[in-house]
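As a plain string of letters, each chain reads:
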Amino acid sequence: MRKAPALAVDIVIEVGSRIVLIRRRYEPFAGSWALPGGFVECGERVEEAAVREAREETNLNVEVKELLGVYSAPERDPRGHVVSICFIARGEGELRGRDDAAEAGLFSPREALGLSLAFDHAEIIKDYLRRKHVLR
């Protein structure tokens, strides 16, 4: 039987003009900054997974606004082939790192690009900036 890629979500959470990043607690990329996200559970819609993962990792309540893109490069995750559906969401509440997140913080998207980012999250943030017509 053929093995299928795993399905995940990533979320660009907007809080005002800044976005939320979490510092990863566990490998891969322990200690690096990343967009909140995680694996979709069986029986769960991808939008529900995004809301759940955002809450688990950031303590924020989020409202999914739009689809940013699908990221499917086979080498994007060292654990294996993981396809991620990335959403843009609006967040509110008291931001704090929880669960897989050692900490959470707010950054301008350009500031975020200067950090050591996990996975292909620099590419995702650049796509976000292009969507916002800030990066050409």
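Refer to the structure above for everything that follows.
Here goes a summary of the coordinates provided. (Residues numbered from 1 in each chain as written. Predicted model: local features only at pLDDT ≥ 70, side-chain atom pairs only at ≥ 80, totals over all residues. Heavy atoms only, no water.)

It is worth spelling out the overall build of the protein at this point. Helix and strand counts for the protein stand at three helices and seven strands. Against the 2.2 N^0.38 benchmark of 14 Å for 136 residues, the protein shows a C-alpha radius of gyration of 14 Å, consistent with a compact globule. C-alpha atoms of the protein, sized along the principal axes, occupy 45 × 30 × 30 Å. Within the protein, buried positions represent 45% of all 136 residues. A fraction of 69% describes how many contacts in the protein between residues 6 or more apart in sequence connect residues 24 or more apart. Looking at charge distribution, the protein has the averaged site of its 21 positive side-chain charges lying 4 Å from that of its 23 negative ones. (Helix = DSSP H or I, 4+ residues; strand = E, 2+ residues; numbered from the N terminus. Rg over C-alpha atoms; globule rule 2.2 N^0.38 Å. Buried < 20%, exposed > 50% of the residue type's maximum accessible area, 1.4 Å probe, protein only. Contact = heavy atoms within 4.5 Å. Lys, Arg positive; Asp, Glu negative; His and termini not counted. Charge placed at Lys NZ, Arg CZ, Asp CG, Glu CD.)

For aspartate 10, the location among the structural elements is in strand S1 (residues 6-15). Separated by 3.4 Å, the side chains of aspartate 10 and histidine 121 make a polar contact. If we ignore the near neighbours within four places in the chain, the residues touching aspartate 10 are Leu35, Pro36, Gly37, Arg76, Ser84, Ile85, Cys86, Phe87, His121 and Ile124. (Polar contact = N/O pair within 3.5 Å; in protein donor to acceptor, adjacent residues only side chain to side chain.)

What follows deals with the packing of aromatic side chains. Counted by the stated rule, this structure contains two aromatic pairs. Judged by centre distance (4.8 Å) and plane angle (65°), the ring pair of phenylalanine 29 and phenylalanine 119 falls under edge-to-face. With a gap of 90 residues between them, phenylalanine 29 in the loop between strand S2 (18-24) and strand S3 (33-34) and phenylalanine 119 in the loop between helix H2 (109-113) and helix H3 (121-131) connect regions that are remote in the sequence. Owing to a relative accessible area of 30%, phenylalanine 29 belongs among the partly exposed residues under this scheme. (Phe/Tyr/Trp six-rings, centres within 6.5 Å; stacked < 30°, edge-to-face > 60°.)

Turning our attention to the environment of asparagine 61. As for its position among the elements, asparagine 61 is in strand S5 (residues 61-71). Judged by relative accessible area, asparagine 61 falls into the partly exposed class, the value being 43%. Separated by 28 residues in sequence, asparagine 61 and alanine 89 place their C-alpha atoms 9.7 Å apart. With residues up to four places along the chain from it excluded, the contact list for asparagine 61 reads Arg55, Arg90, Gly91 and Glu92. A polar side-chain atom of asparagine 61 sits 3.5 Å from a polar atom in the side chain of arginine 55.

As a further point, take helix H1 (residues 46-58). Helix length check: H1 (13 residues) gives 18 Å between terminal C-alpha atoms against 18 Å at 1.5 Å per residue, within 8%. Taken residue by residue, H1 has Val46, Ala49, Ala50, Arg52, Glu53, Ala54, Glu57 and Thr58 as its buried positions. On the buried face of H1, the contacting elements are S1, S2, strand S4 (37-39), S5, strand S6 (82-92) and strand S7 (101-107). Two residues or fewer after H1 comes asparagine 59, characterised by a positive phi angle close to 70°. (Expected span 1.5 Å × (residues − 1).)

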